[in-house]
Amino acid sequence: MNFAQIRKYDVANGPGIRTTIFVTGCTHKCPNCFNEEYQDFNFGNPWTRKETDEVIEDLKLDEVKGLTVLGGEPFQNEVDLLQVLRDIKKEVQKDIWIFSGYTYEEILKDQDKKKLLEECDVLVDGRFVEALKDLSLRFRGSSNQRIIDIKKSLEANEVVLFDL
């Protein structure tokens, strides 16, 4: 798995101050994607234990509310990312937000993707759709995208939106 950047302090991709990982690689190719260069699976640098340790240290800071994972497409890096999140969760218990072009329903159909989903707390799902672009939305680019409470959704066996 490659990554483009780690932001120690990010306020744009979830509530509060968050540490953010941007993985690379995405085959969705949404028109006008805001991270087009991150679609290339070879872009960025290989993820190593050093980066995992860096994120753990960042998340230990009191002012950091949680972790956000986006890209690229996290669910096209699901096997490597699953291990990274499990390693992080052994050390730090903070909420994890994950962004995906896949819908919640698509993720549930793939066991590897579902395992990654289960390690997270909130999913922002759905491909960016230019015709539905809405700059007034919090943490989303287009109105088709949903902010989903993963734990409640899995328990209820239906989508439960996250209460902002």
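Structure: see above.
Read on for an overview of the structure. Source: prediction; values computed, not measured. (Residues numbered from 1 in each chain as written. Predicted model: local features only at pLDDT ≥ 70, side-chain atom pairs only at ≥ 80, totals over all residues. Heavy atoms only, no water.)

## A closer look at the overall build of the protein
Now for step 1: In terms of regular secondary structure, the protein is built from five helices and seven strands.
Now for step 2: Order of helices (α) and strands (β) in the protein, N terminus to C terminus: β-β-β-α-β-α-β-α-α-β-β-α.
Now for step 3: Computed over C-alpha atoms, the radius of gyration of the protein comes to 15 Å, within 12% of the 15 Å expected from 2.2 N^0.38 for 164 residues, which places it in the range of a compact globule.
Now for step 4: Along the three orthogonal principal directions, the C-alpha set of the protein runs to about 40 × 35 × 30 Å.
Now for step 5: A fraction of 63% describes how many contacts in the protein between residues 6 or more apart in sequence connect residues 24 or more apart. (Helix = DSSP H or I, 4+ residues; strand = E, 2+ residues; numbered from the N terminus. Rg over C-alpha atoms; globule rule 2.2 N^0.38 Å. Contact = heavy atoms within 4.5 Å.)

## As for the sheet that holds strand E1 (residues 2–10)
Now for step 1: On the basis of which strands lie adjacent, the open sheet formed by seven strands has the order E3-E1-E2-E4-E5-E6-E7 and mixed pairing. With one partner strand each, in any of the chains shown, strand E3 (45–46) and strand E7 (146–149) form the two edges of the open sheet.
Now for step 2: Note that E1 and E3 share two bridges and pair antiparallel. Across the sheet, residue Asn2 finds its bridge partner in E3, namely Pro46.
Now for step 3: Contacting E1, strand E2 (18–23), E3 and strand E4 (66–70), helix H1 (residues 49–59) runs over the sheet at an angle of about 15° to E1. (Pairing = 2+ DSSP bridges. Axes fitted to C-alpha atoms, helices over the stretch in contact; angles between N-to-C directions.)

## Describing the packing of aromatic side chains
Now for step 1: The full count for this structure, using the stated rule, is five aromatic pairs.
Now for step 2: Through successive ring pairs, a cluster of aromatic residues spans Phe22, Tyr38 and Phe43. (Phe/Tyr/Trp six-rings, centres within 6.5 Å; stacked < 30°, edge-to-face > 60°.)

## Details of the pattern of salt bridges
Now for step 1: In this structure the tally under the stated criterion is 15 salt bridges.
Now for step 2: The closest approach of N and O atoms between Glu51 and Lys50, which form a salt bridge, is 3.7 Å.
Now for step 3: Given a relative accessible area of 8%, Glu51 falls into the buried group.
Now for step 4: In this structure Lys50 comes out as exposed when scored by relative accessible area, which is 57%.
Now for step 5: Linking Lys113 and Asp110 is a salt bridge whose minimum nitrogen-to-oxygen distance equals 3.8 Å. (Salt bridge = Lys/Arg side-chain N within 4 Å of Asp/Glu carboxyl O. Buried < 20%, exposed > 50% of the residue type's maximum accessible area, 1.4 Å probe, protein only.)

## Overview of the nonpolar core
Now for step 1: Core analysis: the largest hydrophobic core is formed by 29 residues, its most contacted members being Leu67, Leu81, Leu85 and Leu123.
Now for step 2: If you list the elements that add at least two residues to this core, you get E1, E2, H1, E4, helix H2 (78–91), strand E5 (95–99), helix H3 (104–108) and helix H4 (111–118).
Now for step 3: A per-element tally of this core places H2 first, with four residues.
Now for step 4: With nine residues, the next largest nonpolar core counts Phe22, Leu70, Trp97 and Val124 among its residues. (Core = buried A, V, L, I, M, F, W, Y, C linked by side-chain atoms within 4.5 Å.)

## What to know about the pairing of strand E6 (residues 122–125)
Now for step 1: Burial along E6 is two-sided: Val122 and Val124 and Leu123 and Asp125, pointing in opposite directions, are all buried.
Now for step 2: As paired elements, E6 and E7 share four bridges and run antiparallel to each other. Bridging across to E7, Val124 finds its partner in Ile147.

## Brief notes about unusual backbone geometry
Now for step 1: Backbone geometry at Asn32 places phi at a positive 65°, although glycine is not the residue there.
Now for step 2: With respect to the helices and strands, Asn32 occurs in the loop between E2 and E3.
Now for step 3: Judged by relative accessible area, Asn32 falls into the exposed class, the value being 53%.
Now for step 4: One non-glycine residue, Asn157, adopts positive backbone phi at about 60°.
Now for step 5: Assignment of secondary structure puts Asn157 in the segment after helix H5 (150–156).
Now for step 6: Its relative accessible area of 71% is what places Asn157 among the exposed residues.

Don't take any of this as a statement about function, it's just geometry.
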